[in-house]
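Okay, here's what each chain looks like letter by letter:
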Amino acid sequence: MIRLNDITTQILSYHPKADLNLVEKAYVYSAKVHQGQVRLSGEPYLSHPLEVAFTLARMKMDVISVVAGLLHDTLEDTNAQLPDIERLFGREAANIVNGVTKISKIQFTNHEERQAENIRKMILAMATDIRVIMVKLADRLHNMKTLGFQSPEKQNTISRETLEIYAPLAGRLGIYWVKSMLEDLCLYYLEPEIYEKIKTETAQRRGAREKYIRDVKVLLDKKFRESGIQATIKGRQKHLYSIYQKMKDQNLTVNQVYDNLALRVIVDSVKQCYEILGLIHAMWKPIPGKFTDYISLPKANMYQSLHTKVVGPMGQRMEVQIRTWQMDKVAEEGIAAHWKYKEGEVASKTDESQFSWLRRLLEWQKDLHDPKEFLDTVRMDLFQNEVYVFTPKGEVKEFPKGATPVDFAYSIHTDIGNKCTGARVKGKLVPLRYQLNNGDIVEIITSNKQHPSKDWLDFVKTPRAKTKIRHWVKEQERDQSVELGKDILERALAKFGIRFSNILKSEEMLSISKDLSLHSLEDLFANIGYGKLSANQIVGRLTSKMGMDEEKPLGIVDKVVSRMKRKKPPHGIKVTGLDDILVRFANCCHPLPGEPVIGYITHGRGVTIHKQDCRHIADSDPDRLVEITWDPPKEDVYLSHLKVTTVDKKGILADMSAIIAQKNANIVQADVRTTTDKKGICQFSLEVEDYKQLQDIIGALKKLRDVLFVERI
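Note that the structure is a prediction, hence the values are computed from the model and not measured. (Residues numbered from 1 in each chain as written. Predicted model: local features only at pLDDT ≥ 70, side-chain atom pairs only at ≥ 80, totals over all residues. Heavy atoms only, no water.)

Visitor: Provide a residue-level description of the nonpolar core, including the pertinent values.
Guide: The biggest cluster of nonpolar side chains holds 69 residues, and the ones touching the most others in it are Ile 7, Ile 11, Leu 56, Met 59 and Leu 137. In terms of residue count, the dominant contributor to this core is helix H9 (residues 130-145) (nine residues). Ile 7 has contacts with Ile 2, Leu 50, Ala 53, Phe 54, Ala 57, Val 66 and Leu 70, leaving out every residue within four places of it along the chain. Within the second largest apolar cluster, 32 residues are counted, among which are Ile 573, Val 597, Ala 665 and Phe 684. (Core = buried A, V, L, I, M, F, W, Y, C linked by side-chain atoms within 4.5 Å. Buried < 20%, exposed > 50% of the residue type's maximum accessible area, 1.4 Å probe, protein only. Helix = DSSP H or I, 4+ residues; strand = E, 2+ residues; numbered from the N terminus. Contact = heavy atoms within 4.5 Å.)

Visitor: Describe in detail the sheet that holds strand S11 (residues 442-446), supporting the description with residues and values.
Guide: Taking strand neighbours across the sheet as the criterion, the three strands line up as S10-S9-S11 in an open arrangement whose pairing is antiparallel. Each edge of the open sheet carries a strand with a single partner, namely strand S10 (428-430) and S11. Taken pair by pair, the neighbouring strands of this sheet meet at an average axis angle of 35°, ignoring direction. Examined bridge by bridge, strand S9 (residues 420-425) and S11 share five bridges and lie antiparallel to one another. Bridged to Arg 424 within S11 is Glu 443. The strands touched by helix H21 (residues 405-412) are S9, S10 and S11; relative to S11, the strand with the most contacts, the crossing angle is about 85°. (Pairing = 2+ DSSP bridges. Axes fitted to C-alpha atoms, helices over the stretch in contact; angles between N-to-C directions.)

Visitor: Break down the packing of aromatic side chains for me, with residues and values.
Guide: Inspection of every chain in the model, using the stated rule, returns ten aromatic pairs. Seen in terms of ring centroids, Trp 630 and Tyr 638 are 5.9 Å apart; in terms of plane orientation they differ by 90°. Their pairing is edge-to-face. Taking relative accessible area as the criterion, Tyr 638 reaches 6% and is therefore assigned buried. An aromatic cluster is present here, built from Tyr 176, Tyr 294 and Tyr 303 joined pairwise through their rings. The ring centre of Phe 89 lies 5.6 Å from the NZ or CZ of Lys 25, which sits over that ring. Positioned above the aromatic ring of Tyr 45 is the side chain of Arg 39, whose terminal nitrogen or guanidinium carbon lies 5.9 Å from the ring centre. (Phe/Tyr/Trp six-rings, centres within 6.5 Å; stacked < 30°, edge-to-face > 60°. Lys NZ or Arg CZ within 6 Å of the ring centre and 35° of its normal.)

Visitor: Can you tell me about the pattern of salt bridges, naming the residues and giving the values?
Guide: Across all of its chains, the model carries 20 salt bridges by this definition. We note a salt bridge from Arg 264 to Asp 328, for which the minimum N-O separation is 3.7 Å. Taken together, the residues Arg 264 in strand S2 (residues 261-267) and Asp 328 in helix H16 (residues 325-333) connect sequence positions 64 residues apart. Exposure remark for Arg 264: the relative accessible area of 12% places this residue in the buried category. Classification of Asp 328 by relative accessible area gives buried; the value is 7%. Asp 696 is paired through a salt bridge with Lys 692; the nearest N and O atoms lie 3.4 Å apart. One end of the pair is Asp 696 and the other is Lys 692, both in helix H30 (residues 691-703) and four residues apart, which spans about a single turn. Each member of the salt-bridge network shares a partner with another, and the members are Asp 62, Glu 92 and Arg 131. (Salt bridge = Lys/Arg side-chain N within 4 Å of Asp/Glu carboxyl O.)

Visitor: If you had to explain the side chain of Thr 308 to someone new, which residues and values would you point to?
Guide: With respect to the element layout, Thr 308 can be found in strand S5 (residues 306-311). Classification of Thr 308 by relative accessible area gives buried; the value is 1%. Among the polar contacts listed, one links the side chain of Thr 308 to the side chain of His 281, at a separation of 2.8 Å. Not counting the four nearest positions on each side in its chain, Thr 308 is found in contact with Leu 277, His 281, Lys 290, Phe 291, Met 318, Glu 319 and Val 320. (Polar contact = N/O pair within 3.5 Å; in protein donor to acceptor, adjacent residues only side chain to side chain.)

Visitor: Kindly report on the packing of H9 against helix H10 (residues 152-172), identifying the contributing residues and their values.
Guide: Interaxial distance between H9 and H10 falls to 11 Å at its minimum, and their mutual angle equals 145°. The handedness of the crossing between H9 and H10 is left-handed. Of the residues in H10, those in contact with Lys 136, Leu 137, Arg 140 and Met 144 of H9 are Ile 158, Ser 159, Glu 161, Thr 162, Tyr 166, Leu 169 and Ala 170. Across the contact of H9 with H10, the residue classes break down as six nonpolar, two polar and three charged. (Left-handed = near helix turned anticlockwise from the far one by under 90°. Nonpolar A, V, L, I, M, F, W, Y, C, P; charged D, E, K, R; others polar.)

Visitor: Can you break down the side chain of Thr 8 residue by residue, with the values?
Guide: Mapping Thr 8 onto the fold places it in helix H1 (residues 4-14). We classify Thr 8 as buried; its relative accessible area is 10%. Once residues within four sequence positions are removed from consideration, Thr 8 is found in contact with Leu 20 and Val 23.

Visitor: Describe the pairing of S9, and please don't skip the residues or the numbers.
Guide: In this sheet, S10 lies alongside S9 in antiparallel orientation, the contact comprising three bridges. When the bridges of S10 are listed, Arg 424 appears paired with Leu 429. The hairpin turn running from S9 into S10, its antiparallel successor, is two residues long, and Lys 426 in that turn takes a positive phi close to 55°.

Visitor: Mind laying out the sheet that holds strand S20 (residues 707-712), listing which residues take part and the relevant values?
Guide: With antiparallel pairing, four strands are arranged side by side in an open sheet as S18-S19-S17-S20. Only two strands of the sheet have a single neighbouring strand rather than two, namely strand S18 (666-674) and S20. Going from strand to strand, the sheet's axes swing by 15° on average, the running direction of each strand aside. Strand direction decides the pairing type here: strand S17 (residues 638-647) and S20, joined by five bridges, are antiparallel. Residue pairing across strands places Thr 645 opposite Phe 709, the latter belonging to S20. Taken strand by strand, helix H29 (residues 652-662) contacts S17, S18, strand S19 (679-688) and S20, and its axis lies near 20° from that of S19. Along the sheet, H30 contacts S17, S19 and S20; its crossing angle with S20, the most-contacted strand, is approximately 165°.

Right, dumping it as structure tokens:
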């Protein structure tokens, strides 16, 4: 059994100045609260936290991580309370222990690969401190080593979970020796016969394999020395699970897996890595398609190396990995290598670019001097924009950060989303605007009386939810537009003494609909309701088809309207495809002739003209947008607003007024005030002819010596 001295010796081997008092204190506390407890193996329970702490020391983790390893089961398996842990060992250690406890309570019920990937991401996202994952991996490694005392059913379940969740996590963090051990242990329990076969057959060939590796190392060493390169060569056999994977993927027997040998060549520089690659390819034939350059394109966890496969002496296939000493440290130590690398070294620009993945994965600071200082700043940020939550049945669903129960409801089914009235998260009622958090268990509450609201678009995050809500709202607005269109047309027909009910489904109306390239009468009424078609246009076509005289004695109101129609279109605006329609300018952006504009059809209010980049129409219904062209009369003027920030100086207002007058613009209103920091704020409402004139005014104002800023508002 591991003893405290083994742990402290291991820590001092990589961190000589470490404060071991906290480790010893944690050992005493763990022994006290676990007293009398035993594992299934019959060993004292304390053996488990000691093993976990020792594994963390092997990972070269900081003192707080080792302390958390000694305490990691105290909240779940003893009477210890979180405030006690925090009071005795500090907030960091308490948070790590609490995080490990939370992850231990997650129930994994779905073993599909997609589901396993979501759970891996969720665990990473849940752990706000990377050390939570490290302690959990060390815990799982020792549990796998002692799995033989569990029932066969539990052995299978835990091994499957480890293979799908925890081994890939170790790989993500670059701790490949842990990954390999976990995979081999899983193979032992999941495929015991295959495991024994691979182990036996590789053991039988061990002597020949070791001799072969020695001979190859002699050949390589001689070649490298001749080229003036000092290199260290290591030989190893691939671990059992990787051999099994190759057998399964390529349908091979153990004896047919020829490339289960691997050599590692370690040199001083990247340049030498590529030189070594050239020498090896010159000595032995490379296998096509089996070369990967992880130096120029590192893995996400910063693993770097050149990988190539060659046909070596006597036709034996083997893999060769070529890397620098720093790359080897990263490959061997994983996450811990990064603080080791920073300790006592100044990173060059090249080194900084190689750490770009770390900036994405973790929040970290420069010039860190020891593992504690580094890991204090480390926070899991790989999936910062994703949230992973559970359905009541235990399925994990992925959402963008800020997603709500409405997003969750639509991810299940459109009807559930449309009828969503609220949700329970971990058994508690929450509002629809509640933002989901990692690990939430979400249950949707529905009602047949509930319908989507346009306001939902303000807080939902997923494209699916937005699309479904817009579709429902659009359908409702269409129904309203159809009814409005019928009402408008009925009133227009009444002026000519035509009963709407008599012509509703007449051949003439169907013909008009067809002439306008509309699919149905409902489309016709909807377009009238939207304002895309004028009721008078339809009446004119209808009376013509019915052989009626369109002219009718006009009343006083009709005469005024008739004179207005004969005038040139107001505001110098032409609406593509529409005539005789009300036009107005948006107060939010005040478009001017010469600017790109777009029209937005509003129920009962005609077309509102906006600048094309106006934020108020960015998410508007595209069916309501119409093309607009300018055709302004020379005598027309348009309102625009400017804000001018100046130095607070006498005469500046007169200078600005003079420039505006010189540019033939009229000041409708001016608001002038001064600020406490001796600046003048002037807001002008101007009448201008077009966008070009306004730009000329802005340019001239900017040239004034005491003008600081000019902006259009």
